[in-house]
Amino acid sequence: MPFEYLALLAACCWAVGSLLSAKAASHLGAFAFTRYRLACAATLLWALAFALGGVSTLHKAQLPLLAVSALVGILIGDTSLFASMNRLGPRRAGVLFATHAMFSVLLAYLFLGESIWGWTLAGCSLLSSGVMTAILFGRRNEEQHHWEADSGQLRAGIVLGLVSAFCQAASTLMIKPLMETDIDAVAASAVRMTVALAAHLTLFWLGFKVARCYLPMNFRVFMLVLINAALSMVIGMTLILQALKQGDAGLVGMLSSVSPVVVVPLLWLVYKRRPAAGAWLGAAMTVAGTILILWH
């Protein structure tokens, strides 16, 4: 499958997974939610890697880069994202996280020599503008569900959201050269999740208050965490790594940023409320930008 479609499929997985994350992340706290999610993802990924034979493609020389990528993108990036969500609400945090597409293009240009021109550049600009429009102007005033909840900590939420976006882009950039080798994407994902889980467990065992659960884990929350891990980290992240084998890191980051727009019809389905006009406009711009990218 072409890398563009792999990145778009990953965005769809992240969109569905994100609907399940808001309640669980606020229940457990950003660190505890990420820790449980990583434990589920690592278990599933290692089972797949052994079953499919991907473990044999791992080499010792590759492990340090996978580890650094995991610490930047998952330990810092994912945890910062859910901490931002707990402060600003998922919709506002989504605006900030969507900037990872622009960070990806910039970093890929500076460090990998990738460049985007012509109609592809126009498509990327239209796509990014559409994502921002859908999130910024996609809310009705009367909406008061989990995706609109915030704690009023504006400054901290903004900083955490931008940190998460930059870390996502940087971790993708780090791992791009490695994914152009014969390494298996599932096995690579398993290593990254395990390293990030080990770091989270270390923080928890050292007694850091921030790593504790806000509220006790229960069966319903655990199922939300498990499904989110399977969609977002097992399937979604593996699709991204597979896309990096074939395509430019900047374009992969750009196309994978459409997940907030995919959320729009999902919210309509879940909450039975028609999206606001801004959401429709943003979605239309994003679709047009994606078509331009795929066309060229």
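In what follows, the structure referred to is the one given above.
Quantities reported herein were computed from a predicted structural model and do not represent experimental measurements.

J.: Any chance you could break down the packing of helix H1 (residues 3–28) against helix H10 (residues 249–256) for me, citing the residues and the numbers?
T.: The contact between H1 and H10 brings their axes to 8 Å, and the two run at 35 degrees. As for how H1 packs across H10, the hand of that crossing is right-handed. Taken together, the residues of H10 that come into contact with H1 (itself represented by Phe3, Glu4, Ala7, Leu8, Ala11 and Trp14) are Leu251, Val252, Leu255 and Ser256. Looking at the contact of H1 with H10 residue by residue, the class counts come to eight nonpolar, one polar and one charged.

J.: Could you give an account of the state of the cysteines, with specific residues and numbers?
T.: Evaluation of the coordinates by the stated rule reveals zero disulfides. Here Cys13 stays free of any disulfide, with the sulfur of Cys12 as its closest cysteine sulfur at 7.0 Å.

J.: Help me get a handle on the environment of Leu126, residues and values and all.
T.: For Leu126, the location among the structural elements is in helix H6 (residues 118–136). Overall, Leu126 belongs to the partly exposed group, its relative accessible area being 28%. Discounting residues that sit within four places of it in the chain, Leu126 has contacts with Met285, Thr286, Ala288 and Gly289.

J.: Would you mind going over empty space enclosed by the protein in detail, with residue names and values included?
T.: Under the counting rule described, the total for this entry stands at four cavities of 30 Å³ or more. Approximately 50 Å³ is the volume attributed to the second largest cavity. Surrounding the second largest cavity, Gly73, Ile74, Gln168, Ser171, Thr172, Ile175, Arg192, Met237, Ile240, Leu241 and Leu244 form its lining. Counting only elements with at least two residues in the lining of the second largest cavity, the list comes to helix H3 (63–88), helix H7 (154–179) and helix H9 (219–246). For the lining of the second largest cavity, a count of residues per class yields six nonpolar, four polar and one charged.

J.: Describe the side chain of His100, naming the residues involved and giving the relevant values.
T.: Residue placement: His100 occurs in helix H5 (residues 100–112). Classification of His100 by relative accessible area gives buried; the value is 2%.

J.: Quick one: what's the story with the environment of Cys167, residue by residue and with numbers?
T.: Within the element layout of this structure, Cys167 appears in helix H7. Overall, Cys167 belongs to the buried group, its relative accessible area being 8%. Separated by 96 residues in sequence, Cys167 and Leu71 have C-alpha atoms that sit 9.3 Å apart. In contact with Cys167, not counting residues within four places along its chain, are Val72, Gly73, Ile76 and Gly77.

J.: Describe the pattern of salt bridges, and please don't skip the residues or the numbers.
T.: Scanning the entire structure with this criterion turns up two salt bridges. Of the charged contacts in the structure, one is a salt bridge between Asp78 and Arg37, with a shortest N-O distance of 2.6 Å. Of this pair, Asp78 sits in helix H3 while Arg37 sits in helix H2 (residues 30–52), placing them 41 residues apart in sequence. Note on Asp78: relative accessible area 12%, which makes it buried. Here Glu180 ties to Lys176 by a salt bridge, and the two come within 3.2 Å at their closest N and O atoms. Its relative accessible area of 5% is what places Lys176 among the buried residues.

Reading guide: rules and limits
Residues numbered from 1 in each chain as written. Predicted model: local features only at pLDDT ≥ 70, side-chain atom pairs only at ≥ 80, totals over all residues. Heavy atoms only, no water. Axes fitted to C-alpha atoms, helices over the stretch in contact; angles between N-to-C directions. Helix = DSSP H or I, 4+ residues; strand = E, 2+ residues; numbered from the N terminus. Left-handed = near helix turned anticlockwise from the far one by under 90°. Contact = heavy atoms within 4.5 Å. Nonpolar A, V, L, I, M, F, W, Y, C, P; charged D, E, K, R; others polar. Disulfide = S-S within 2.5 Å. Buried < 20%, exposed > 50% of the residue type's maximum accessible area, 1.4 Å probe, protein only. 1 Å grid on protein atoms, 1.4 Å probe; cavity = no way out; pocket = protein on both sides within 12 Å on 5 of 7 lines; lining within 4 Å. Points joined across faces, edges and corners; volume = space filled by probe spheres on them. Salt bridge = Lys/Arg side-chain N within 4 Å of Asp/Glu carboxyl O.

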